[in-house]
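# Residue-level structure breakdown
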Amino acid sequence: MDAPASLPRPSAALIQAVQAAKTCFGSNGHAVYWWGNQIRLDSCNSARLIAALAVGTGIAALAGAIASWTGVGGAAGAIVAAILGIGTGVIGYCAAGGKGIYLDQFWGGAPLCWGQ
């Protein structure tokens, strides 16, 4: 059944935006608790975070290689690349369920993540 002619039809951009929003699972947000901060990222933003960390790992490795060629602190770039690489793997593991992640930062401890 078609909509009456008096009702405006949604634009193609609106239809595309609604369909794109449907493909993200989970929720986004931030909260502060007595134990620390919590960030919620849906599946789309989790994927963006993982991609950004992967890019950062590559940049740190490249910076470490350039620094080692010049004789100045190549180990520092390698250490940063290793930390980013491990973080990328851990967050990727947390996001493997496809519904987004929780990132917790405790007031006096290491960060923690798990799937939504």
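A few points on the structure. Please read all numbers here as calculations on a predicted model, not as lab measurements. (Residues numbered from 1 in each chain as written. Predicted model: local features only at pLDDT ≥ 70, side-chain atom pairs only at ≥ 80, totals over all residues. Heavy atoms only, no water.)

## Describing the side chain of Thr-88
- Summarising the element assignment, Thr-88 is placed in helix H3 (residues 74-94).
- Of note is the side chain of Thr-88, whose polar atom sits 2.7 Å from the backbone oxygen of Leu-84. (Helix = DSSP H or I, 4+ residues; strand = E, 2+ residues; numbered from the N terminus. Polar contact = N/O pair within 3.5 Å; in protein donor to acceptor, adjacent residues only side chain to side chain.)

## Some details on the pairing of strand S4 (residues 111-115)
- Bridge count for strand S3 (residues 101-106) against S4 is five bridges, and the pairing is antiparallel. Paired with Leu-103 across the bridge in S4 is Cys-113.
- Hairpin remark: S3 followed by S4, antiparallel, with four residues in the connecting loop. (Pairing = 2+ DSSP bridges.)

## Here's the deal with the state of the cysteines
- Taken as a whole, this structure holds two disulfides when the rule is applied.
- Note on cysteine connectivity: Cys-24 is disulfide-linked to Cys-44, with sulfurs 1.9 Å apart. Classification of the bridge connecting Cys-24 and Cys-44 rests on its S-S torsion, roughly -95 degrees, and on that basis the disulfide is left-handed. Taken together, the positions of Cys-24 in the loop between helix H1 (12-22) and strand S1 (29-33) and Cys-44 in helix H2 (residues 43-70) put the pair 20 residues apart, joining distant regions of the chain.
- In this structure Cys-24 comes out as partly exposed when scored by relative accessible area, which is 22%.
- One disulfide in the model links Cys-94 with Cys-113; its S-S distance is 2.0 Å. Between Cys-94 and Cys-113 the sulfur-sulfur dihedral comes to about 75 degrees; the bridge is accordingly right-handed. Highlighted residues: Cys-94 in helix H3 and Cys-113 in strand S4, separated in sequence by 19 residues. With respect to class, Cys-94 is no different from Cys-113; both count as buried.
- Sequence-ordered numbering of the bonded cysteines in the protein chain gives a pairing of 1-2, 3-4. (Disulfide = S-S within 2.5 Å. Buried < 20%, exposed > 50% of the residue type's maximum accessible area, 1.4 Å probe, protein only.)

## Topic: the packing of H2 against H3
- It is the contact of H2 with H3, at a shortest axis distance of 7 Å, that shows an interaxial angle of 165 degrees. Between H2 and H3, the angle falls in the class roughly antiparallel. H2 and H3 meet at a crossing whose hand is left-handed. Contacts between H2 and H3 pair Leu-49, Ile-50, Leu-53, Ala-54, Gly-56, Thr-57, Ala-60, Ala-61, Gly-64, Ala-67 and Ser-68 from the former with Gly-74, Gly-77, Ala-78, Val-80, Ala-81, Leu-84, Gly-85, Gly-87, Thr-88, Ile-91 and Gly-92 from the latter. (Axes fitted to C-alpha atoms, helices over the stretch in contact; angles between N-to-C directions. Parallel < 35°, antiparallel > 145°, perpendicular 65-115°, else oblique. Left-handed = near helix turned anticlockwise from the far one by under 90°. Contact = heavy atoms within 4.5 Å.)

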